[in-house]
Amino acid sequence: MQVDFYHLTRDPLGGALALIAGKATAGGERMVVVSGDAAQRKALSQALWSASPTSFLANGEADEPHAERQPIILSDQPVAVNGARFLAIVDNVWREGEEAFARTFFFFEDHDREPARAAWAMLGKREGVVRNYWKQDGGRWVRAG
């Protein structure tokens, strides 16, 4: 399993998530975006739908009809109702699904580092987990760890 920690210091979460989700879906992957906050999920859904003036990232909630068809599912639980292999955790609370995701993206902001540090340390004790730390450098992401 690969876990990529994205430290948001410049761009808002919606933009960063749209960038990562766009690359994932362009590569044929599906994603589950997890947050326990329904208002945050709604805002992120809008950010995905309006990610670019020329395109959009189709998405829906896990409990809506035909959720299995959506390339991106927003949910409060890490359950791949759409067959996703990618998981994005956007509320800084580590969660795992019953089935392992191939890749997890863990987004956190500068003012809320402790949960991310705890998840990083916990995952460092597991075999078969590759961790990466990404930070924003100007207008691009650079791997820092």
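Note that the structure is a prediction, hence the values are computed from the model and not measured. (Residues numbered from 1 in each chain as written. Predicted model: local features only at pLDDT ≥ 70, side-chain atom pairs only at ≥ 80, totals over all residues. Heavy atoms only, no water.)

Colleague: I keep staring at the pairing of strand β5 (residues 86-89) and nothing clicks. Help me out?
Modeller: Burial along β5 is two-sided: F86 and A88 and L87 and I89, pointing in opposite directions, are all buried. Here strand β2 (residues 31-34) pairs with β5 via 4 bridges, running parallel. Bridge assignment links V32 to a residue of β5, and that residue is L87. Across 4 bridges, the pairing between β5 and strand β6 (residues 103-109) is parallel. Note on β6: the bridge partner recorded for F86 is R103. (Buried < 20%, exposed > 50% of the residue type's maximum accessible area, 1.4 Å probe, protein only. Helix = DSSP H or I, 4+ residues; strand = E, 2+ residues; numbered from the N terminus. Pairing = 2+ DSSP bridges.)

Colleague: What should I look at first to understand the side chain of S75 in this one?
Modeller: When you line up the elements, S75 lands in strand β4 (residues 72-75). Polar side-chain contacts of S75 include one of 3.0 Å to the backbone nitrogen of Q77. Residue contacts for S75: discarding those within four places in its chain leaves V33, V34, S35, R41, E61 and A62. (Polar contact = N/O pair within 3.5 Å; in protein donor to acceptor, adjacent residues only side chain to side chain. Contact = heavy atoms within 4.5 Å.)

Colleague: In this structure, what is going on with the pattern of salt bridges? I would like to understand it.
Modeller: Oppositely charged side chains can form a pair if their charged atoms are brought close together. Per the counting criterion, the structure on display carries 9 salt bridges. Note that D110 is salt-bridged to R113, the shortest N-O span being 2.4 Å. (Salt bridge = Lys/Arg side-chain N within 4 Å of Asp/Glu carboxyl O.)

Colleague: For this particular structure, what's the right way to read the sheet that holds strand β7 (residues 130-137)?
Modeller: Read from one edge to the other, the open sheet built from 8 strands follows the order β3-β4-β2-β5-β6-β1-β7-β8, with strand pairing classed as mixed. Unpaired on one side and paired on the other, β3 (60-61) and β8 (140-143) mark the two borders of the sheet. Running over the sheet, helix α2 (residues 38-49) touches β2, β3 and β4 and is turned about 165° from β4. (Axes fitted to C-alpha atoms, helices over the stretch in contact; angles between N-to-C directions.)

Colleague: How should the environment of W49 be read in this particular structure?
Modeller: Assignment of secondary structure puts W49 in helix α2. Contact partners of W49, with chain neighbours within four places excluded, come to S55, F56, L57, A58 and N59.

Colleague: Sorry if this is basic, but what is going on with helix α1 (residues 13-26) here?
Modeller: Note that an α-helix has 3.6 residues per turn; residues three or four places apart therefore point the same way. Over its 14 residues, α1 extends 20 Å from the first C-alpha to the last, a length consistent with the 20 Å expected when each residue adds 1.5 Å. Where α1 is concerned, the buried positions are L13, G14, A16, L17, A18, I20, A21 and A24. Positioned one or two residues after α1, G28 has a phi angle of 90°, which is positive. (Expected span 1.5 Å × (residues − 1).)

Colleague: What exactly am I supposed to notice about the packing of aromatic side chains here?
Modeller: A ring pair, where both rings are aromatic, is described by two values, the distance of the centres and the angle of the planes. Here the structure, examined in full by the defined rule, presents 10 aromatic pairs. With 4.9 Å between their ring centres and 80° between their planes, Y6 and W141 make a pair best called edge-to-face. In this pair, Y6 sits in strand β1 (residues 2-8) while W141 sits in strand β8, placing the two residues 135 residues apart along the sequence. Pair check on accessibility: Y6 and W141 agree, each one buried. (Phe/Tyr/Trp six-rings, centres within 6.5 Å; stacked < 30°, edge-to-face > 60°.)

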